[in-house]
Structures are given as structure tokens and as C-alpha cells.
Amino acid sequence: MFFKFIMRRLLYVIPMLIITTLIVFSFILLIPGDPALALLGENATPEKIAQIHAQLGLDQPVIKQYLNWLGNAVQGDLGRSIFTGQPVEEAVFSRLGVTFQLVIVAMIFAIAGGLFFAITSIYFPNSWMDYVARFFGTLGTAIPNFWLGMILIIFFSLQLGWVPATGFTSITESPGAFLQGTILPAIALGATGMAQITRHLRSSLIEVMSADYVRTGFSKGINRWQAIMKHGLQNAMLPVVTTIGILFGNLLGATVVIETVFAIPGMGQLAVNSILQRDFTMLQGVVLVLIALIILINFITDIVYALLDPRIEY
Amino acid sequence: MSLRGIFKRLMGERLAFISLIFLILLGITAIVAPYVAPHDPLEQNLSKVLLNPSAEHWLGTDELGRDIFSRLIMGLTAAFQAGLFAILIPLCIGVPMGILSGYLGGIIDDIFMRIVDGIIAIPAILLALGITGALGISLWNAMIAIGIIFTPQMARLARGQTLQIRTEPYVEASKISGAGAIWIMVKHIIPNIAPPIIVQASFYLSYAILVETSLSFLGMGAQSPQISWGNMIQQAYSMINMNPWMIIYPGLAIMLTVLAGNFLGDGLRVALDPKYKKA
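Residues numbered from 1 in each chain as written. Chains lettered and ligands numbered in written order. Predicted model: local features only at pLDDT ≥ 70, side-chain atom pairs only at ≥ 80, totals over all residues. Heavy atoms only, no water.

Draft legend 1. Structural view of the packing of aromatic side chains. Residues and elements named next belong to chain A. The final tally for this structure, using the stated rule, is 17 aromatic pairs over all chains. For the pair Tyr123 and Trp225, a centre-to-centre distance of 5.7 Å together with 90° between the ring planes defines the contact as edge-to-face. Residue Tyr123 is located in helix H5 (residues 88–123), and its partner Trp225 is located in helix H10 (residues 224–261); the two are separated by 102 residues in the primary sequence. Linked through ring pairs, Phe116, Phe117, Phe135 and Phe136 together constitute an aromatic cluster. (Phe/Tyr/Trp six-rings, centres within 6.5 Å; stacked < 30°, edge-to-face > 60°. Helix = DSSP H or I, 4+ residues; strand = E, 2+ residues; numbered from the N terminus.)

Shown next, in the form of C-alpha cells:
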């Protein structure tokens, strides 16, 4: 039964991947005029234009171009960078690890912070902690993440000198340096997600706490803490699981900005550079890999959700 | 509900009402910015660089001696233009797509909704980057990209609402009495799905400002000498050791405007939906 459910979800994922890859691919069709001219800019010579045309297969019909690209992509060949000639998959996978580590730390921060604020806010209603939680929940969705990153740099790096302002060390090299280098970007990246989780969880906890079975629980002598932990969270966590899937996608997107602020050599920086250099094959590759990752994570959260929620029939 | 009733309910939401007035004032300022800015925002004066706030330069001057307050006011224009695009493009493209999809169903629905699913899977900022990258880097193209990224969400919302309204007895009655599809969509569907769509659109002002400033910060939106709060922060970032306040002001401007947009959206939700409960 469960296997069947997974297969059904997979059947939904595959057309999704085809549509998104088609969208990613059609970026190149959006370039007004001849893409080769746009890519080469002022250095265009007839030979170079012909070379780009052959390289991108622009002399073929669009649908064939797409199928070729897709066929190669499935085999792990994303083409070569127009700018440096480096294979795209090589550049992408050397940076994927960096972005992945950053996003994971940001997610832990967002989820842990969201849980903390939501629970304290419900446990101490109308106390100063409740107001702090609501304040962060409101502010977090309005604060521009790149600006928050700079404010953190101003305070913790320039004023206090606790952590370096920029740069990145992989966790495999040195866990200490990794944490020092990741903590500020992770906070800047995760703040919006933390605020969203706080708001969602808080409002669903409020609903659960006024439910009949929780009132019955109180009359049977459970305390507030037990009510939140046992009844509240168990029921309120379900929507949060869905939020986590969405959050992962948002965070991957937001790394574009955060990696630029903190000079972290990840996927986001690669995306920005490839746009500035008009390196289209690279941009397609980066976006494709990120989207494939997001769809995969959403697929996994769907399955986790089904496992957690007994009401869902496979 | 009458317009007057809605306005009354919105006035009851104090925070939302204050936000509305604040945003209207900012919007007017955005239009008349070149005339109300106390100094020419582009005028460089190398004898007056990095000044502290004073009676003449309310927020001081930047590294080229330009008046920061005047530049902040000029930045309103880009922010509100982005908001306008982010509301108009989804309303003009997303809503009709959603209504057609929901009302007609069948193959049109399948095609539209698969496209929508596909686009929604791409994170907004990444999609905006891809579109600006393809169209060419400029503030105008960034605005178009911002409009496009919110369109599929709007289509999905309009479709869902249409599906609900489509089976209402008054629509059925209208159908039986011989009304055409277009008549029903214009006369019954649009007025009835309008409230949630207006609420959603009001939040796009906030999202759009966040995306526009992010793009401009990355150098994918406003290009100097165009002024956006995003590229003001980008320029100020290189001066972070000299004067951190240059970073702080435009960021506060973004935050206040976005907060006001969010409060307005929350208030509109309460004002337009009598059944909606506040958390």
C-alpha cells in the first residue's frame, strides 16, 4: 500500500520536473534577438556567433534543443560554461555542498527558534515573552534578509569582533570555523522562516489549546506544559512539516542574496555571477539543480506527512 | 457588503488604517519625489562627503556628498513601481487564467494548472533572477519579472475561489436561464471572488518591495544613477567601516513600508471576510 502511494506521488513529480525544466530551458528563448549576440556582447564576430550557435544547438528546432538538453542533463551532462568553458555540472556540484550546509544550519535555526518562540508564547500568554515572540513573528516577515545580514555583521563582527564578517569553511575541514562562519549568514537566512513558523505554530497551538479534549485533559489534572507538549505539538506540528518543505525552497532561493552579502562561494553566488557574465548554460544548470533539489525535498516531506498523519490513506 | 461597510470595518482595525494612511502618503511622495526632495539626489559634492546628520542634510551625506534623505525619498519611486507591477500583472493575467481554469475545467484547467505548479516550484527570487537575466539587466525588466513571479499564485487562488462559486445556486440559476459563460464570469464570479483576491494583492506590495530591493542590491534591478533602496544598501555596504548608518536608513525604510503593507493586508482580511477570526 505504502509503496503504491510513493509510486503515485512519483507519477506527480515527473511531469512537474518536465515542466520546470522546460521553464528553465525557455529562459534562453526569452533573450531578445539572437542569444549569441546577447551572450557575446561587443566581442561578437561571425565565427564566434557560429560557434555559439553550434554549441547551443540553436540551428535546430526548439523542441529538439530542449530534448537534447534534457537528455544530456539526465545523464549528468549540463553542458559547458560559455564564459569559462568549465563543465557546468563540475562547477555546480563543487558549490552545492557549501549552499547545502548553509541552508541546513539556517533551517535548524528557523525551526528551533520558531518552536521556542511559539511554545513560550503559548506557555506564558500575555507575558513579556509572548510579546517578544509576537514582535519577532511580525518583524521577521518584514525585514529584508540581506540587510539583516549587514546589521549582524556591523554588531557581531565589526563592533564586538566575535565572528568573521565574510568567508566560509566547510564542516569537514573544521567544525569550529564552520560554525563561526555560518552562524551570522544562517540567522540572516533563517529569520524570515523562523517568523513564519512562529506565527503558524502559535496560531495552530492557540486553536488546539482551546479544543475540548485539551480541556478534558486539564480537568483530569495534566498541567499546561504537558498539554502543550503532548496534545498541542503533536497536532500542531503537522502543518509545520508542510511549511518545512516550502521553507527549504525559499531558503535555497534566498541564498542568492545572503551568499553575496557574506561572500560565500555557493550556488547563489554562482547564479549571480553567471547572470552578470551572461553565462546562460551555467545559469540553466544552477537553476535546474536547485529546482530538482526542491522538488525532491517536497516529495520527501509529502511522504513524511503521510507517515505522520494517520488520517491520510495511502 | 457595501464599500462603506468595508471602509468602516477597516477603520476599526486601527493598525491597518494607520498603515493605509502611511502608505497613501508614501505613494503620493513617490509620485512627487523629484519636487519634494530637499536636495538633488544625484548632485555630488566632494567637499561634503560622509557628513553627519544636520539641519541641512537630515540624514547626512554619502561617500560622494549626496544627500541621503533625498535619495531615500527618490527610492520610494522604484519601491512603489515594483508594488504596482506586482499587483497589476497578477490581476490582469493571473486572475483571468484562474477564472477560466476554474470555470471551464477540462483540458484548459489541466494545462494552466500544470504550468502554475511548475512555476510555483521555482523559488520567487530565483525565478526573478532568471527572467531578468534572460530579458537583460534593467529596473524595467526587474519589474516585469516581479509581476510574473506572483502571477501563478494569483491564478491558483482565483481558480480555487471560482470552483467554489461555480456551484452556488445563483450561478446555476443564471446558467439555466440562458446566461453565457462570459456574462456569468463577469457578473457573478468576479464580484464574488474579489475579496480574497484583493487581500492577496495587498500583500504583494510588501513582497514586491522585498524582491525589488533584493534584485537591486544584487545589481539586477536599478542601475546607478537610478535610485532604489536596494542599490543604496549595496553602495553603502562598501562604506560599512566608515559609516554604518548609510546601511541602516534604507533598510529601515524597507522594513517600515513592508510592515505597513503587511498590517494593511491583515486588516483587509478582517474587513473583507466577516467570518475570519483573528489569531
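Draft legend 2. Examining the confidence of the model for chain B more closely. Residues and elements named next belong to chain B. In the predicted model, chain B carries a mean pLDDT of 88, and the fraction of residues at 70 or more is 97%. Taken element by element, chain B is modelled with least confidence in helix H1 (residues 3–12), mean pLDDT 79, and with most confidence in helix H3 (residues 68–104), mean pLDDT 93. In the predicted complex, the global pTM is 0.89; the interface-specific ipTM is 0.88. (pLDDT = per-residue confidence, 0-100.)

Draft legend 3. Broad picture of the pattern of salt bridges. All names here are of chain A. For the structure shown, the criterion picks out 11 salt bridges over all chains. Two residues, Arg215 and Asp212, come together in a salt bridge whose shortest N-O distance is 3.1 Å. With a gap of 3 residues between them, Arg215 and Asp212 both fall in helix H9 (residues 212–219), about one helical turn apart. One exposure class covers both Arg215 and Asp212, and it is exposed. If you follow the salt bridges from partner to partner, you end up with Asp130, Arg134 and Arg202 in one network. (Salt bridge = Lys/Arg side-chain N within 4 Å of Asp/Glu carboxyl O. Buried < 20%, exposed > 50% of the residue type's maximum accessible area, 1.4 Å probe, protein only.)

Draft legend 4. Looking closely at the environment of Ile93(B). With respect to the secondary-structure elements, Ile93(B) resides in helix H3. When the C-alpha atoms of Ile93(B) and Ile248(B) are compared, they prove to be 37 Å apart, with 155 residues separating the residues in sequence.

Draft legend 5. Summary view of the environment of Ile149(B). Looking at where Ile149(B) falls in the secondary structure, it is placed in helix H6 (residues 139–166). What makes Ile149(B) buried here is its relative accessible area of 5%.

Draft legend 6. Structural detail: the packing of H5(A) against H10(A). All names here are of chain A. At a minimum axis distance of 8 Å, the contact between H5 and H10 shows a crossing angle of 145°. For the element pair H5 and H10, the recorded crossing hand is right-handed. Grouping the constituent residues of the contact of H5 with H10 by class yields 21 nonpolar, 2 polar and 2 charged. (Axes fitted to C-alpha atoms, helices over the stretch in contact; angles between N-to-C directions. Left-handed = near helix turned anticlockwise from the far one by under 90°. Nonpolar A, V, L, I, M, F, W, Y, C, P; charged D, E, K, R; others polar.)

Draft legend 7. Here's a closer look at the confidence of the model for chain A. Per-residue confidence for chain A averages 84 on the pLDDT scale, and 96% of its residues sit at or above 70. Element-level pLDDT for chain A is lowest in helix H2 (residues 35–40) of chain A, with a mean of 70, against a maximum mean of 92 in helix H7 (residues 145–159) of chain A.

Draft legend 8. How the structure looks around the interface of chain B and chain A. On the side of chain A, 44 residues touch chain B, which itself brings 42 residues to the contact. Along the contact surface separating chain B from chain A lie 1 salt bridge. Arg199(A) is the salt-bridge partner of Asp266(B), the closest N and O atoms lying 3.9 Å from each other. At the boundary of chain B and chain A, one finds 3 residue pairs in polar contact (both at pLDDT 80 or more). For the side of chain B that touches chain A, the elements supplying multiple residues, two or more each, are helix H4 (106–120), helix H5 (124–135), helix H8 (181–217), helix H9 (229–237) and helix H10 (245–272) of chain B. Element by element, the count of residues in the side of chain B that touches chain A is highest for H10(B), at 11 residues. Across the side of chain B that touches chain A, the residue classes break down as 30 nonpolar, 9 polar and 3 charged. (Contact = heavy atoms within 4.5 Å. Polar contact = N/O pair within 3.5 Å; in protein donor to acceptor, adjacent residues only side chain to side chain.)

Draft legend 9. Up close: a nonpolar patch on the surface. Together, Ile24(B), Ile28(B), Ile31(B), Val32(B), Tyr35(B) and Val36(B) make up an exposed nonpolar region whose accessible area comes to about 630 Å². Tracing the sequence through the fold places Val36(B) in helix H2 (residues 14–36). (Patch = residues over 30% accessible without salt bridge, like charges linked within 9 Å, V, L, I, M, F, W, Y side chains within 5 Å. Areas by Shrake-Rupley, 256 points an atom, 1.4 Å probe, with all protein chains shown as cover.)

Draft legend 10. Local environment of the domain arrangement of chain A. Residue and element names in this part refer to chain A. Taken domain by domain, chain A comprises domain 1 (2–74) and domain 2 (91–313). The C-alpha centroid of domain 2 is placed 32 Å from the C-alpha centroid of domain 1. Counting residues at the interface gives 20 residues for domain 1, matched by 14 residues for domain 2. The contact between domain 1 and domain 2 buries some 1,600 Å² in all, and 82% of this surface belongs to carbon and sulfur atoms. Where domain 1 touches domain 2, the interface holds 1 salt bridge. As a salt-bridge pair, Arg9 and Asp302 come within 2.4 Å of each other at their nearest N and O atoms. Remark: the boundary between domain 1 and domain 2 carries 2 residue pairs in polar contact (both at pLDDT 80 or more). Of all elements in the fold, only helix H1 (2–30), H2 and helix H4 (62–74) reach the threshold of two or more residues within the side of domain 1 that touches domain 2. It is H1 that provides the largest number of residues to the side of domain 1 that touches domain 2, a total of 14 residues. (Domains from an automatic or database assignment. Buried area = accessible area lost by both parts, 1.4 Å probe.)

Draft legend 11. Quick peek at the side chain of Thr99(A). Residue and element names in this part refer to chain A. Inspection of the secondary structure puts Thr99 in helix H5. Within polar-contact distance, the side chain of Thr99 engages the side chain of Glu259 at 2.8 Å. With near-sequence residues (within four places) excluded, Thr99 lies in contact with Leu252, Thr255, Glu259, Gly266, Met267 and Gly268.

Draft legend 12. Representation of helix H6 (residues 128–140) of chain A in the model. Given a rise of 1.5 Å per residue, 13 residues ought to cover 18 Å, and the 18 Å separating the end C-alpha atoms of H6(A) matches this to within 8%. Buried residues in H6(A) make contact with H5 and helix H8 (175–209) of chain A together with H10 of chain B. (Expected span 1.5 Å × (residues − 1).)

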